[in-house]
Amino acid sequence: MFRELPSPVALEDEVLQFWDEAGIFKKCLDASKGRPRFVFYEGPPTANGTPHNGHVLTRVIKDLLPRYKTMRGFHVDRKAGWDTHGLPVEIEVEKELGMRDAGAGNAREAVLAYGLDNFAEKCIQSVFKYTHEWETLTKRVGFWVDLDDAYVTYHRSYVESVWWALDQLHQRGLLYQGLKVVWWWPEGGTALSSGEVGEGYRDVFDPSVTVRFPLLDRPDVSVLAWTTTPWTLPSNTALAVNPKHTYAIARIPTGDDSAETILMAEALLPEGAEVLERMTGAELEGLRYSPPFRWAEPTGGEAHRIVCGAHVALDQTGVVHTAPAYGEDDHKLALEKGIGILQLVGPDGRVVATAPEWARGLQFKAADGPIMRDLKERGLLFKQEQIKHSYPFSPRSKDDPLMQLARPGWFIRTTAFKDEALANNAAVGWLPEHIRDGRFGDFLRNNVDWALSRERFWGTPLPIWTCGSCGARQSFPSVAALEAAGATGFAEGVDRHLQVHKPWIDRVTVPCAACSGTMSRVTEVIDCWFDSGCMPFAQFGFPHQGVEQFRESFPADFISEAVDQTRGWFYSLLMISTMLFDAETCAAHGLPFDAEARGLPRPYRNCVVLGHVCDMEGKKESKSSGNYTSPDLVLRGRMKMSVVADPALKPDELGMGKASVRSIDLGAKERLRLTVGELEAGGLHVTLKEGPSRGKERVALHPDTLAALGNPSTIWLHAPFEPPGADAFRWLFYAANAPWTNTRLSLRAIREGQREFHLRLGNVFSFFSIYANIAGFDPALHADRPSTQVLDRWIRSERDALIHTVTEQLDQYRIYEAARAISAFVDGLSNWYVRRSRDRFWGEGEDTLDALSTLFGVLLDVSKVIAPFVPFMAEAMYLRLGGPGLVGGAESVHMAAWPRPSAAPDLELGADMALIRELASLGLAARGQVGVRVRQPLRAAEVMLADASRAERLAALVPLLTDELNVREVHFGAEAARFVDFRVKPNYPNLGKRLGKEMKACAAALQSADPAAVRAGLLAGGYTVALDSGPVTLSEDDVLVEVQPKEGFRALGSASAVVALHAELDDDLREEGLARELVNRIASVRKELDLGYTDRIRVELRGGAAVLRSAERFGPRIRHDTLATTLDLQLDEGAPADLDGQPFALTVERA
RNA sequence: GGGGCAGUAGCUCAGCUGGUUAGAGCACACGCCUGAUAAGCGUGAGGUCGGGCGUUCAAGUCGCCCCUGCCCCA
């Protein structure tokens, strides 16, 4: 027996259980041991939040290729990983501990007070807070990944691998300590990564001031310089000009009849200025000026002179106020020119204590006002305005402005590897390709040294120890190396993973080899992107262990993450491997390194860059903006939301953000069901009401409604329909658009895809199982039965073509194209093969066996081809078809070998069938015009092909057309010529190349010629047109002949064919039509009686003479088509019902 | 402010290296079929291909400018 497919969720439950109980994933891995490897790297997610739809996208894309490659005969390890370090984790914990509540004070100090040991433990807990949710989702969407053997970035072996990498870099002099201007968050006491800074940009108003800087030697002349950060003016140590621009000393009128003398870029002088002297910027270099403030003397160099800098633009005054402590360009310039530094706002964001009393202790932004007032009082403020510009704030605390600040820190000299990184990038197979030269290439070309260190607590500690006495510095690649150097102070009794973290590792000291002093660790931890970038080797603990594993899985064949990882994981992976695995290191560890190809790419060969999952308004889904629905809604048909009261709602309304409502996108009559508990029955039916976004997963109800429910804080919402499930979810991401374009996610889109693919294929499967069961079809006896029947040959050929296409596309990582091919195939299978083959399945003879065998074989192959895409449905089909029991059958479809085409696709047959389908379509359209129902047979259809030579080849397919159109005959050619006109037009792609500018004239000449004459000429070997440049002879390839129906005929045409119908009816045809009508009525009654497919019936028919005549003549056919054992006829002109105007009545009973 | 991607039917999206009358699905309208049946199918209507300029015999496709959206960076 072939069992039918259950509903999606039941099917998925069943398959999950099967995989689980039979251990299929593990068997896949075991069975492929020793085969060539296809290497996949899992980019580690952070599990300190619940997974969302975007994670579903990455997980299903990541899942597809390993499944495919496994079936293709590769061994594909899939090691899961978790990213566990970093600021986001710390912030989460700080929030949890109330350190970020309003008025809680400095979080950094709170953490220190709480104790770093306690804090670290909290971080670990936080990181795995949602592990369960992640694992559930991962399983549910069918992402096969080894969660039991996951790598974890805080684990000791991982940390020690990262240490090894850092030690390598340190030994090669690529790790250095320097001052670096960073975006600094004073309240958090930390620098932020560029990503974090980017998140916090906001448009704000800031002062825009122009300040006078009198020249020391000519106090009457003031250099004018501009800034939007008055608070940096006390720390000014230089003014920068562009050496190439022209500057001028000029007199400008002031308000009260007097004038002043200024120095600025000539091109930017205000109107009415009188130029006194001109000079280039280069000539100004070295001029000294009086700074507006002298609160302290600069250190580390000269100060208060004009310097030249190429970064200075012709903007404002063309002179840039330079405070090296507070700007990246400024800092660079100061280093270059030997200018000193002043830092009068501290890392706490407050003006230092050595400042005058009026400024002392002010928060830096708050100092702007007093500083401007002071300048004004002293006549140094030339102009003061406000401008609107974008300025970064802390992404964690929206009111804290960030400041640029020169901080000591550790850097990796990545700039030394720019060329290598670019060469490496060039060798990567990017999808889409534009990432290589666009987004990623740009980023690499503009590379700056990697600011590695973080002055934080929960991260991989920088493995560098320095001597307190002599300042010697040493890095260590492992705990063992520390111990070998005589390190002491390791925390006993503490979790071994925690031993290598702050604060425990900070207590480890090493005797200095250079003097008798003691070395202790520097305080910093590192950027967690460095952690994840070490993943290719750190996942195995390489090189301290796992050497063989690493060697076998480097580089990766395939990785995939969302586009925001270009500067994240894609970069850290590529840069670290570029730096680390040079020829020497590769040789040392037995890694393949082809010097010619520079061993590139590493560490990944192919990268599929994913777009974002967006709401229906095209905005990236994010929790903070609340335009977000839980993956559970799609997977299980329900989701949990937090709920608040809103009196503006009606009692049966559910208030929800507009974007979420659009994404749920219910039909007009569909309402969500609301319950308090997850599994409750009943509940309330609510209408969704668009409203403002209420933030994280929040919805609102009328207070009374809420009270009636018992004022719960969370509720469950249930979809009013069968949940689409994981396969439908996956299919959307594969088939809706290319993976790198953004996907607008909505339930509606998922359900559409489901109808188009899953339901259609499910129907075909169901059709097969019904008739295979009736016929007692046994695959063991009848699979692979050859068939010469044309539909069988066609669908088998289409199947072969499909296998070919999907293989070719997936080999190029083109998932979308492959999915489309599958979709088109399923359409053909359902809407042509099954549709046109239906009655073949009803019999018992050879032809029925051919049909069943063909459909069986096709479905079995389809189950394999779709296995990487919709693993659940594929498995269910495969098992139900008895795949495991067939010769060479695997236990699971995912362990089966990828199907091979049984033969080269028959392209000619494919093209002919496509033409027949087009003719059927035209014929049906023509029937629509005739206005006679399809059940009524017509005499004949006349078909005129533009390419008449194809008619002969179509002969074998014509019966399909007569059946589909319900005509007795189809005629091609001569007779049909009465219905059509010919039309000729140039074949542009061909002729255009040949004729060039003559193209237009040629087109016109053809247009005005007699089409029939042109056609005749072409058939005779060539048609000549006269052009200005001389006669041109056109061959058949140069001209396209088309047909169109003549006016006044009931016929329809496309460019390639016209189909016309003989619409007139005679008694003979009417009689047959009546019989068909009878069959239809009897079938309806069968349906009403709910009879089984094989139940026999007895029919008694009373009716008028015409009805009886028809029933008598077509009796055998009627009995055959309705499974009637008897058909009793009785004349009754007064029968109540109406059959095409004839009286009739039916009595049907089970035989 | 810089860069990348995108803008095609009411909606969601295809459209290869420039070339015949720009396609599909959904929604809509009409109809059909029904031994896959609370499914299926057909037909129809619906588009200044964001706007402009240019290159070309020929532009949705190539180039430049502008507008809008998203993303990344500052």
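Note that the structure is predicted; figures quoted are calculated from it, not measured.

### Here's the deal with the protein's contact with RNA strand B
Here is step 1 of the chain: Tyr771, Ser921, Pro989, Lys1087 and Tyr1093 are the nearest of the 60 residues found near RNA strand B.
Here is step 2 of the chain: Among atoms of RNA strand B positioned within 4 Å of the protein, sugar and phosphate together represent 65%.
Here is step 3 of the chain: The separation between a phosphate oxygen of RNA strand B and a polar side-chain atom of Arg935 is 2.7 Å.
Here is step 4 of the chain: Here a base oxygen of RNA strand B sits 2.5 Å away from a polar atom, N or O, in the main chain of His1120.

### A closer look at the layout of surface pockets
Here is step 1 of the chain: Size it by volume and the second largest pocket reaches roughly 1900 Å³.
Here is step 2 of the chain: The wall of the second largest pocket is formed by 44 residues, among which Arg838, Asp839, Trp842, Val1079 and Asp1121 lie closest to the centre.
Here is step 3 of the chain: Listing elements by their share of the lining of the second largest pocket, those giving two or more residues are α26 (747-775), α29 (815-837), α34 (958-965), β34 (967-972), α38 (1067-1088) and α40 (1115-1122).
Here is step 4 of the chain: In terms of residue count, α38 provides more of the lining of the second largest pocket than any other element does, nine residues in total.
Here is step 5 of the chain: For the lining of the second largest pocket, the per-class residue count stands at 17 nonpolar, 10 polar and 17 charged.

### Remarks on unusual backbone geometry
Here is step 1 of the chain: Following Leu431, the chain continues to Pro432 via a peptide bond in cis, the omega torsion being 0°.
Here is step 2 of the chain: With respect to the helices, strands and loops of the structure, Pro432 is situated in the loop between β15 (429-431) and α14 (434-437).
Here is step 3 of the chain: For the bond from Lys502 to Pro503, the omega torsion is 0°, close enough to zero to count as cis.
Here is step 4 of the chain: Looking at the secondary structure, you find Pro503 in the loop between α16 (479-484) and β20 (509-511).
Here is step 5 of the chain: Phi is positive for His304, which is not a glycine, with a value near 60°.
Here is step 6 of the chain: On the secondary structure map, His304 appears in the loop between α10 (281-284) and β11 (305-308).
Here is step 7 of the chain: Classification of His304 by relative accessible area gives buried; the value is 6%.
Here is step 8 of the chain: Phi at Tyr813 takes a positive value of approximately 65°, unusual for a residue other than glycine.

### Some details on the pattern of salt bridges
Here is step 1 of the chain: Per the stated rule, a full pass over the model turns up 69 salt bridges.
Here is step 2 of the chain: A salt bridge links Arg456 to Glu94, with the nearest nitrogen and oxygen atoms 2.9 Å apart. With Arg456 in the loop between β17 (453-454) and β18 (464-467) and Glu94 in helix α4 (residues 87-96), this residue pair connects regions lying 362 residues apart in the sequence. With respect to burial, Arg456 and Glu94 carry one shared label: buried.
Here is step 3 of the chain: Among the salt bridges present, the one from Asp1068 reaches Arg968, with a minimum N-O distance of 2.7 Å. Separated by 100 residues along the polypeptide, Asp1068 in helix α38 and Arg968 in strand β34 bring together distant segments of the chain.
Here is step 4 of the chain: Among the charged side chains, a salt-bridge network with shared partners connects Arg968, Asp1068, Glu1071, Glu1072, Arg1109, Arg1113 and Arg1117.

### Points about the environment of Lys864
Here is step 1 of the chain: If you trace the backbone, Lys864 turns up in helix α30 (residues 846-865).
Here is step 2 of the chain: For the pair formed by Lys864 and Val893, sequence separation is 29 residues and the distance between their alpha carbons is 6.1 Å.
Here is step 3 of the chain: Excluding anything up to four places from it in sequence, Lys864 contacts Met71, Tyr878, Val893, Ala896, Ala897, Trp898 and Pro899.

### A short note on helix α13 (residues 418-426)
Here is step 1 of the chain: Within α13 the residues assigned to the buried category are Ala421, Asn424 and Asn425. Along the axis of α13, the buried positions cluster into a sector of 100°, meaning they face one direction only.
Here is step 2 of the chain: Packing partners of the buried residues in α13 comprise β15, α14, α15 (439-445) and α20 (569-580).

### Topic: the packing of α26 against α29
How two helices sit against one another is set out by the angle between their axes and by the gap between those axes.
Here is step 1 of the chain: Contact geometry for α26 and α29: axes closest at 10 Å, N-to-C directions at 40°. Comparing the axis directions of α26 and α29 gives the class oblique. α29 is crossed by α26, and the crossing has left-handed handedness. The residues of α29 that touch α26, namely those facing Glu756, Phe757, Arg760, Leu761, Val764 and Phe767, are Ile822, Ser823, Val826, Asp827, Leu829, Ser830, Asn831 and Val834.
Here is step 2 of the chain: Looking at side-chain class alone, the contact of α26 with α29 contains eight nonpolar, three polar and three charged residues.

### Considerations on the pairing of strand β21 (residues 518-521)
Here is step 1 of the chain: Burial along β21 is one-sided: the residues Met519 and Arg521 are buried and none of Thr518 and Ser520 is.
Here is step 2 of the chain: The sheet contact formed by β18 and β21 spans three bridges and is antiparallel. Paired with Trp465 across the bridge in β21 is Arg521.
Here is step 3 of the chain: Across three bridges, the pairing between β20 and β21 is antiparallel. Along β21, the bridge assignment pairs Thr509 with Ser520.
Here is step 4 of the chain: The loop that links β20 with its antiparallel partner β21 comprises six residues.

### Focus: the sheet that holds β21
Here is step 1 of the chain: Spatially, β19-β18-β21-β20 is the arrangement adopted by the four strands of the open sheet, whose pairing is antiparallel. This sheet does not close on itself; its edge strands, each paired only once, are β19 (473-475) and β20. Pairs of neighbouring strands in the sheet enclose a mean axial angle of 30°, with direction left out of account.

### As for the domain arrangement of chain A
Here is step 1 of the chain: Examined at the domain level, chain A breaks down into domain 1 (195-393), domain 2 (626-726), domain 3 (746-884), domain 4 (912-1061) and domain 5 (1067-1150).
Here is step 2 of the chain: Taken over C-alpha atoms, the centre of domain 1 sits 56 Å from the centre of domain 2.

### Concerning the pairing of strand β27 (residues 653-657)
Here is step 1 of the chain: Burial within β27 is extensive, with five of its five residues counted as buried.
Here is step 2 of the chain: As paired elements, β27 and strand β29 (residues 684-691) share five bridges and run parallel to each other. Paired with Gly657 across the bridge in β29 is Gly691.

### Side note on the packing of helix α25 (residues 725-735) against α26
Here is step 1 of the chain: Here α25 crosses α26 at 100°, and the two axes come no closer than 9 Å. Here α25 is positioned roughly perpendicular relative to α26, judged by the angle of their axes. Across from Asp727, Ala728, Phe729, Trp731 and Leu732 in α25, the residues of α26 making contact are Ala749, Ile750, Gly753, Gln754, Phe757 and His758.
Here is step 2 of the chain: For the contact of α25 with α26, the per-class residue count stands at seven nonpolar, three polar and one charged.

### Brief notes about the sheet that holds strand β28 (residues 672-675)
Here is step 1 of the chain: Spatially, the six strands close up into a barrel ordered β26-β30-β27-β29-β28-β31, and their pairing is mixed. Strand-to-strand twist of the sheet, defined as the mean angle between neighbouring strand axes without regard to direction, takes the value 45°.
Here is step 2 of the chain: Pairing geometry for β28 and β29, over three bridges, is antiparallel. Bridge pairing in β29 places Leu674 opposite Leu684.

### Some details on the packing of aromatic side chains
Here is step 1 of the chain: In this structure the tally under the stated criterion is 51 aromatic pairs.
Here is step 2 of the chain: When the ring of Trp430 is compared with that of Tyr604, the centres are 5.9 Å apart and the planes differ by 80°; the resulting orientation is edge-to-face. One end of the pair, Trp430, is in strand β15; the other, Tyr604, is in the loop between α21 (583-588) and β24 (606-610), with 174 residues separating them in the sequence.
Here is step 3 of the chain: Overall, Trp430 belongs to the buried group, its relative accessible area being 2%.
Here is step 4 of the chain: On the basis of relative accessibility, which here comes to 0%, the residue Tyr604 falls in the buried class.
Here is step 5 of the chain: Ring centres of Trp731 and Phe869 lie 6.0 Å apart, and the angle between their planes is 65°; on these two criteria the pair is classed as edge-to-face. Of this pair, Trp731 sits in helix α25 while Phe869 sits in the loop between α30 and α31 (871-880); the two residues are 138 residues apart in sequence, bridging distant segments of the chain.
Here is step 6 of the chain: With relative accessibility at 0%, the residue Phe869 sits in the buried group.
Here is step 7 of the chain: A connected cluster of aromatic rings, assembled from ring pairs, spans Trp164, Phe537, Phe542, Phe550, Phe554 and Phe581.
Here is step 8 of the chain: Lying over the aromatic face of Tyr391, Lys365 brings its terminal NZ or CZ to 4.0 Å of the ring centre.
Here is step 9 of the chain: Positioned over the ring face of Phe721 is Arg751, at 3.4 Å from the centre of the ring.

What counts and what doesn't
Sequence order sets the numbering: in each chain, residues are counted from 1 along the sequence as written. Here every chain gets a letter starting at A, and every ligand a number starting at 1, in the order they are written. With pLDDT at 70 or above as the cut-off, local features in this predicted model cover only qualifying residues; side-chain atom pairs require 80 or more to be listed or tallied, and sums for whole chains, interfaces and linings still use all residues. Side-chain numbers here rest on the full set of heavy atoms in the structure, without hydrogens or water. Whether a residue is near a molecule or strand depends on its heavy atoms: if one lies within 4 Å, it is near. Counted as a polar contact is a pair of N or O atoms within 3.5 Å, where, for protein atoms, one must be capable of donating a hydrogen and the other of accepting one, and residues adjacent in sequence contribute only when both atoms are in side chains. Site definitions follow a grid-based scheme: protein atoms alone, a 1 Å grid, a 1.4 Å probe that fits but cannot get out for cavities, and for pockets an open set with protein on both sides within 12 Å along at least five of seven lines, plus lining residues having an atom within 4 Å of a point. Grid points are joined across faces, edges and corners, and a volume is the space filled by probe spheres set on the points. Strands here mean DSSP runs of E at least two residues long; helices mean DSSP runs of H or I at least four residues long; both are numbered from the N terminus. Gly is put with the polar residues, along with every residue not named as nonpolar or charged; the nonpolar set is Ala, Val, Leu, Ile, Met, Phe, Trp, Tyr, Cys and Pro, and the charged set is Asp, Glu, Lys and Arg. Only protein chains enter the accessibility calculation, which uses a 1.4 Å probe; a residue is then buried when its area is under 20% of its type maximum, exposed when over 50%, and partly exposed in between. Definition used for salt bridges: Asp or Glu carboxyl oxygen within 4 Å of a side-chain nitrogen of Lys or Arg. Whether two residues are in contact is decided by their heavy atoms, any of which lying within 4.5 Å being enough. The directions considered for the arc run from the helix axis to the C-beta atoms. Note on geometry: axes are C-alpha line fits, over the in-contact stretch for helices, and angles between N-to-C directions span 0 to 180 degrees. Note on angle classes: values under 35 degrees are labelled roughly parallel, values over 145 roughly antiparallel, values of 65 to 115 roughly perpendicular, and the remainder oblique. In this scheme, a crossing is called left-handed if the near helix is turned counterclockwise away from the far one by less than a right angle; it is called right-handed if the turn is clockwise. Note on pairing: DSSP must find at least two bridges between two strands before they are called paired. Either an automatic procedure or a domain database provided the assignment from which the domain bounds are taken. Classification of ring pairs rests on two measures: the distance between centres of Phe, Tyr or Trp rings, Trp counted by its six-membered ring, which must be within 6.5 Å, and the angle between planes, read as stacked under 30 degrees, edge-to-face over 60 and tilted in between. In this scheme, the term charge over a ring applies when either NZ of a lysine or CZ of an arginine sits within 6 Å of the ring centre and within 35 degrees of the ring normal.

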